[in-house]
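Read off the chains here:
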Amino acid sequence: MQYYSTNQKAPFATLEKAVVKGLAEDKGLYMPERINVLPKEFFDNIQDMTFQDIAYNVAAAFFAEDVDEDALQHIVYETLNFDCPVVNVNDNIYSLELFHGPTLAFKDVGARFMARLLQYFIRMENTTEEVNVLVATSGDTGSAVANGFLGVEGIHVYVLYPKGKVSPIQECQFTTLGQNITAIEVDGVFDDCQALVKQAFMDAELNAKMKLTSANSINVARFLPQAFYYFNAYAQLKRIGKADNLVVCTPSGNFGNICAGLFAKKMGLPVKRFIAANNANDVFYEFLQTGEYNPRPSIQTIANAMDVGDPSNFARIFDLYGKSHEAICSDISGATYTDAQIADTIKEVYRNTNYLCDPHGACGYRALKEGLNADEVGVFLETAHPAKFKDTVEGIIGSEVAIPDKLAAFMQGEKKSVPLSKDFADFKTYLMNL
Ligand SMILES: *Cc1c(COP(=O)(O)O)cnc(C)c1O
């Protein structure tokens, strides 16, 4: 299958090129040239299938032409060695828990899949040269990518993060791993980290010495696998007779997660409609109301993984719906919540149902609570475990949030990182002397 750029000014790319390069030459996002609709039998039997088998069928619809069948099956099965259960919160509202992976957030799925697909292409090339993944992080992406690539042979990951600007829980998730993961503590802010990575990709001398690639969230190999769990949520709801008139609500920042759900719908998944739940960063919400897309700097909120003022996957959604505002509005509605509303929701839901939402999932729950019709069933994506936002959530509910064993294990590890200045010369010298 070929991949085109949303900017339409770059040549078509193979899957391999799209995965290795991430972004097209014209700075557009890669899109598959076709979206294959899954057969009726698949949907008739989906309630009897395992998550891994469901995901394999979805993966094959995109990747079967370009990845050997056994290898693809292996990649999918290794990626999904954890569950994404659907849990009833109250009435007709369900939580799709995407936090049972290694870093307790949904980005684990895409990061793990991408690591294995990249490794597959490296092996096809039959070289022994190591590939170096550079990733800048303000917290969550670094942990998902580092853990996704942990122990994957032939690939070394360098995580650049701003010194003193990520939470201790986040920091330990990528500084304690060792093996093929190196954490680089930059004396600067997130933008400095991102600038260092961008400069490295453009430096001729560096690229001649070593193979560099990125694990950015816009990569098709990180983005498309997120469709897997939408199908699995449907299967679980169908099993209990709750799959009709299904409304899916995705807490959204860069809009990659919801975009994967929209792809799932195009593949035939019977979702009646989607809701994109935002925090105070409501550029997309505004677009839905007005048809105007006005990106602006992000505002800091307690649901900080959604603090995005110019969602990168907007280009994909716009393209998917033929650049029609009307078509987009027929499938997606929006919601936007202040920090106070998010906090109220966490408190209320916990008090009334004993279910503890994280700040992102709380936006999703609230949008369903306010927007679901009586004949509809709603499922929101609980995108991270509440313990990842321990201080915020404890401050809201006034009691302690237990840390899951997986997270506690990271915190016991020894922190190791390479301190560097924000000057590119230092970073380059470090890489050249590896
Ligand atoms: C990344 C993230 C989001 C936003 O997902 P997008 O795909 O960027 O819309 C929401 N919640 C959590 C916990 C995240 O880490």
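Given the structure is predicted, the values throughout are model-derived calculations rather than measurements.

Participant: I'd love a proper account of the site of the ligand, names of residues and values included.
Facilitator: Around the ligand lies a shell of 15 residues, among which Lys 107, Gly 253, Asn 254, Phe 255 and Thr 383 are the nearest. Within the side chain of Lys 107, an N or O atom sits 2.5 Å from an oxygen atom of the ligand. Within the backbone of Gly 253, an N or O atom sits 2.8 Å from an oxygen atom of the ligand. Here the ligand, which alone exposes 380 Å², has 95% of that area covered by the protein. Grouping the constituent residues of the shell around the ligand by class yields six nonpolar, seven polar and two charged.

Participant: Which residues make up the environment of Phe 121, and what values do they have?
Facilitator: In this structure, Phe 121 sits in helix H5 (residues 107–125). We classify Phe 121 as buried; its relative accessible area is 6%. Apart from residues lying up to four places away in sequence, Phe 121 is in contact with Leu 15, Glu 16, Val 19, Asp 66 and Val 67.

Participant: Could you give an account of the sheet that holds strand E4 (residues 93–97), naming the residues involved and the relevant values?
Facilitator: Across the sheet, six strands lie side by side as E3-E4-E12-E9-E10-E11; this open sheet has mixed pairing. Looking along the sheet, the strands with just one partner apiece sit at the ends: strand E3 (86–90) and strand E11 (332–336). On average, adjacent strands in this sheet sit at an angle of 25° to one another, irrespective of strand direction. Both strand E10 (residues 273–278) and E11 contribute to a ladder of five bridges, which runs parallel. When the sheet's bridge partners are listed, Ala 277 is paired in E11 with Ala 335. Its contacts with the sheet place helix H11 (residues 228–239) against E3, E4, strand E9 (246–251), E10 and strand E12 (377–382), and it is angled at close to 140° to E9. Those strands touched by helix H12 (residues 256–266) are E9, E10, E11 and E12, and its axis lies near 175° from that of E10.

Participant: Any details on the pairing of strand E5 (residues 131–136)? Residues and values, ideally.
Facilitator: Burial within E5 is extensive, with six of its six residues counted as buried. The alternating pattern of E5 places Val 131, Val 133 and Val 135 and Asn 132, Leu 134 and Ala 136 on opposite faces, both of which are buried. In this structure, E5 lies alongside strand E6 (residues 155–162), joined through six bridges in parallel fashion. Of the residues in E6, the one forming a bridge with Val 133 is Val 157. Crossover E5 to E6 through helix H6 (residues 140–149) is right-handed. For E5 and strand E8 (residues 211–214), the ladder comprises four bridges, and the chain directions are parallel.

Participant: Describe the sheet that holds strand E7 (residues 181–186), listing the residues and the values that go with them.
Facilitator: The strand order across the open sheet built from five strands is E8-E5-E6-E7-E13, with neighbouring strands paired in parallel fashion. Only two strands of the sheet have a single partner each, and these edge strands are E8 and strand E13 (418–420). The mean angle between the axes of side-by-side strands here comes to 30°, regardless of whether they run parallel or antiparallel. Bridge count between E7 and E13: three bridges; the pairing is parallel. Following the sheet pairing, Glu 185 is matched in E13 by Pro 419. Contacts from H5 reach E5, E6 and E8 within the one sheet, and its direction differs from that of E6 by about 140°.

What counts, and at which threshold
- Counting restarts for each chain: residues are numbered from 1 in the order of the written sequence.
- In view of the model being predicted, local features appear only for residues whose pLDDT reaches at least 70, and side-chain atom pairs are presented and counted only at 80 or more, with totals across whole chains, interfaces and linings using the full set of residues.
- Side-chain numbers come from the whole structure's heavy atoms, not from hydrogens or water.
- Nearness of a residue to a molecule or strand requires only that one of the residue's heavy atoms be within 4 Å of it.
- A 3.5 Å cut-off defines polar contacts: any pair of N or O atoms within that distance qualifies, except that in protein one atom must be a possible hydrogen donor and the other a possible acceptor, and neighbouring residues in sequence count only when both atoms are side-chain atoms.
- Note that accessible areas follow from Shrake-Rupley with a 1.4 Å probe, and for residues the cover is restricted to the protein chains shown.
- Classification used: nonpolar for Ala, Val, Leu, Ile, Met, Phe, Trp, Tyr, Cys and Pro, charged for Asp, Glu, Lys and Arg, polar for all others including Gly.
- Strands here mean DSSP runs of E at least two residues long; helices mean DSSP runs of H or I at least four residues long; both are numbered from the N terminus.
- Throughout this description, buried means an accessible area under 20% of the type-specific maximum (1.4 Å probe, protein chains only), exposed means over 50%, and partly exposed covers the range between.
- It only takes one pair of heavy atoms within 4.5 Å for two residues to be counted as in contact.
- Pairing between two strands is assigned when DSSP locates at least 2 bridges connecting them.
- To get an axis, a line is fitted to the C-alpha atoms, and for a helix only the part in contact is used. The angle between two axes follows their N-to-C directions and goes from 0 to 180 degrees.
- Looking down the strands as they point away from you, a crossover is right-handed if its path from the first strand over the helix to the second goes clockwise.

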